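Listed here are the chains, written in short residue letters.
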Amino acid sequence: MGFSSFSSRLPSLYLVVIFLIGSSLVSANFYDEFDITWGDGRGKIINGDLLTLSLDKTSGSGFESRNEYMYGKIDMQLKLVPGNSAGTVTAYYLSSKGSNWDEIDFEFLGNLSGDPYTLHTNVFSQGKGNREQQFHLWFDPTADFHTYSILWNPKHIVFSVDGTPIREFKNAESIGVPFPKDQPMRIHSSLWNADDWATRGGLVKTDWTQAPFTASYRNFKADACVVTSGKSSCSGSASSGSNPGWLSEDLDNTKQERLRWAQKNYMIYNYCSDSKRFPQGFPPECSMA
Ligand SMILES: *[C@@H]1O[C@H](CO)[C@@H](O)[C@H](O)[C@H]1NC(C)=O
């Protein structure tokens with residue numbers, strides 16, 4: 001192996017490096033992006049690329065993003081508490097502050113070994129939620145990492161699992177429904193005990209002999225507008241007409257078909273069809289679904 005064969009490899013090495021930097025394959029470093037906010041050592045960042053939360057009888061734990069976001073396409077891989085996770089809840093959500101807060105929620109409700117997790121979703125705008133949709137998943141979310149994504153842009157909020165949209169909350173401001181668009185949100189996650197309600201409505205209690213319970217996170221990726229002292233990192237590009245694609249991303253036909261597939265086969269609760277709960281008529285956004 002002479003010098004020439006070494007140098008002939010250099011260009012491809014450069015290309016790989018440039019490709020990795022240019023694409024979003026490089027996931028962000030957890031130390032830079034998140035703070036463990038509670039849990040007295042039960043939340044941990046390991047080597048910058050893995051984060052774990054744990055829960056025992058004394059406490060759960062949680063983390064929060066350092067950045068505040070105003071629109072974004074945000075991916076995170078989660079591996080949920082395995083085995084008998086009944087009574088535990090892993091919440092992963094975006095939220096603003098104050099009494100008129102906005103919030104976009106994924107909540108994973110644990111279950112007895114072999115029984116399915118429930119993925120609970122909700123959207124709050126200006127302090128009002130009551131927009132639950134719940135799903136079972138088409139895989140065991142404790143066996144491996146899976147990607148949970150939130151696309152939040154001025155048109156809609158889309159919840160996706162491994163690239164399959166499971167829920168779309170459309171911007172229905174035109175019919176008087178407030179849409180999250182004025183308050184920057186942080187990413188939050190926590191693992192806590194909710195055995196007063198989480199599993200079969202509170203019938204199944206947390207089995208503390210299985211503690212500590214642990215959930216893991218990796219491959220965080222945010223294509224997002226970051227708000228710093230009231231200024232969005234996207235506002236410059238907006239005026240120059242070079243908005244990132246996700247900021248106006250719609251569901252194409254394939255994605256709409258996937259959404260229908262997930263809703264038809266895996267949705268177990270939809271507030272928009274719970275007529276007992278809304279005897280006076282469904283919330284207006286339900287007519288846009
Ligand atoms: C737990 O398993 C039961 C039985 O399959 C199921 O009805 C329920 O939706 C599951 N999830 C929760 C959170 O109770």
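What you see as residue numbers is a count from 1 along each chain, following the sequence as written. Totals for whole chains, interfaces and linings use every residue, but because this is a predicted model, local features are given only for residues with pLDDT of at least 70 and side-chain atom pairs only at 80 or more, for both listing and counting. To get the side-chain values, take all heavy atoms of the structure and skip hydrogens and water.

- Under the annotation held in an unreviewed UniProt entry, the protein carries the name Xyloglucan endotransglucosylase/hydrolase and is attributed to Helianthus annuus.
- UniProt positions are given in the numbering used here, feature names are shortened, and annotations may be inferred rather than shown by experiment. On record in UniProt, under Function (unreviewed entry), the comment for the protein is "Catalyzes xyloglucan endohydrolysis (XEH) and/or endotransglycosylation (XET). Cleaves and religates xyloglucan polymers, an essential constituent of the primary cell wall, and thereby participates in cell wall construction of growing tissues."
- What UniProt records for the protein under Sequence similarities (unreviewed entry) is the sentence "Belongs to the glycosyl hydrolase 16 family."

1. Looking at the UniProt feature "active site" (unreviewed entry) in the protein
Stage number 1. If you check UniProt for "active site" (unreviewed entry), the listed places come out as E103 and E107 in our numbering.
Stage number 2. Helical segments are the DSSP runs of H or I of at least four residues, strand segments are the runs of E of at least two, and each set is numbered from the N terminus. Following the sequence through the fold, E103 ends up in strand β7 (residues 103-109).
Stage number 3. Buried, partly exposed and exposed residues are distinguished by accessible area as a fraction of the type maximum, computed with a 1.4 Å probe on protein chains only: under 20%, between the cut-offs, and over 50%, respectively. Residue class for E103 comes out buried when judged on its relative accessible area of 13%.
Stage number 4. Residue contacts are defined here by distance: any two heavy atoms, one from each residue, within 4.5 Å place the two residues in contact. The contacts of E103, once residues within four sequence positions are left out, are Y93, L94, S95, N122, V123, F124 and M185.
Stage number 5. Reaching out from E103, the side chain makes a polar contact with the side chain of W101 at a distance of 2.8 Å.
Stage number 6. Among the structural elements, E107 can be located in strand β7.
Stage number 7. A relative accessible area of 13% means that E107 is categorised as buried. For the purposes of these results, a polar contact is taken to be a pair of N or O atoms within 3.5 Å, where, inside protein, one atom must be able to donate a hydrogen and its partner to accept one; residues adjacent in sequence count only when each atom of the pair is a side-chain atom.

2. Concerning the pattern of salt bridges
Stage number 1. The term salt bridge refers to a side-chain nitrogen of Lys or Arg lying within 4 Å of a carboxyl oxygen of Asp or Glu. Inspection of every chain in the model, using the stated rule, returns ten salt bridges.
Stage number 2. Among the salt bridges present, the one from R200 reaches D115, with a minimum N-O distance of 3.6 Å. Of this pair, R200 sits in the loop between β13 (186-193) and β14 (213-228) while D115 sits in the loop between β7 and β8 (118-124), placing them 85 residues apart in sequence.
Stage number 3. Salt-bridge contacts for E173 lead to K181; the nearest nitrogen and oxygen are separated by 2.4 Å.

3. Section: the site of the ligand
Stage number 1. With respect to spatial proximity, the complete set of residues near the ligand consists of L109, G110, N111, D115, P116, T118, H136, A198, T199 and R200.
Stage number 2. Between the ligand and P116, the relevant distance is 3.4 Å, taken from a nitrogen atom to a main-chain nitrogen or oxygen of the residue.
Stage number 3. Here an oxygen atom of the ligand sits 3.0 Å away from a polar atom, N or O, in the main chain of R200.
Stage number 4. Surface accessibility follows the Shrake-Rupley procedure with a 1.4 Å probe radius. Residue values consider only the protein chains on display as shielding. Isolated, the ligand exposes 360 Å² of accessible area, and the fraction of that covered by the protein chains is 74%.
Stage number 5. For the shell around the ligand, the class distribution of residues is three nonpolar, five polar and two charged. We define proximity as follows: a residue is near a molecule or strand when any one of its heavy atoms falls within 4 Å of that partner. Put simply, Ala, Val, Leu, Ile, Met, Phe, Trp, Tyr, Cys and Pro go in the nonpolar bin, Asp, Glu, Lys and Arg in the charged bin, and everything else, Gly too, in the polar bin.

4. A word on the packing of aromatic side chains
The relative placement of two aromatic rings is captured by the distance of their centres and the angle of their planes.
Stage number 1. Any pair of Phe, Tyr and Trp rings, taking the six-membered ring for Trp, is counted once the centres come within 6.5 Å. Such a pair is stacked with planes under 30 degrees apart, edge-to-face with planes over 60 apart, and tilted for the rest. A complete count under the given rule lists 20 aromatic pairs for this structure.
Stage number 2. A ring pair is formed by Y92 and F106, whose centres lie 6.3 Å apart and whose planes are at 20 degrees; its orientation type is stacked. Residue Y92 is located in strand β6 (residues 88-95), and its partner F106 is located in strand β7; the two are separated by 14 residues in the primary sequence.
Stage number 3. Given a relative accessible area of 2%, Y92 falls into the buried group.
Stage number 4. Between W208 and F213, the ring centres sit 6.0 Å apart and the planes meet at 65 degrees, which makes this aromatic pair edge-to-face.

5. Focus: the state of the cysteines
Stage number 1. Cysteine sulfur atoms that pair up within 2.5 Å are treated as a disulfide. Evaluation of the coordinates by the stated rule reveals two disulfides.
Stage number 2. Disulfide pairing places C225 opposite C234 at an S-S distance of 2.0 Å. The sign of the -95 degrees torsion about the S-S bond sets the C225-C234 disulfide as left-handed. Of the two residues, C225 and C234, both sit in the buried class.
Stage number 3. Between C272 and C286 runs a disulfide, and the two sulfur atoms are separated by 1.9 Å. Its S-S torsion of approximately -80 degrees makes the covalent link between C272 and C286 left-handed. Here C272 is found in the segment after β16 (267-270), whereas its partner C286 is found in the segment after β16, with 14 residues between them in sequence.

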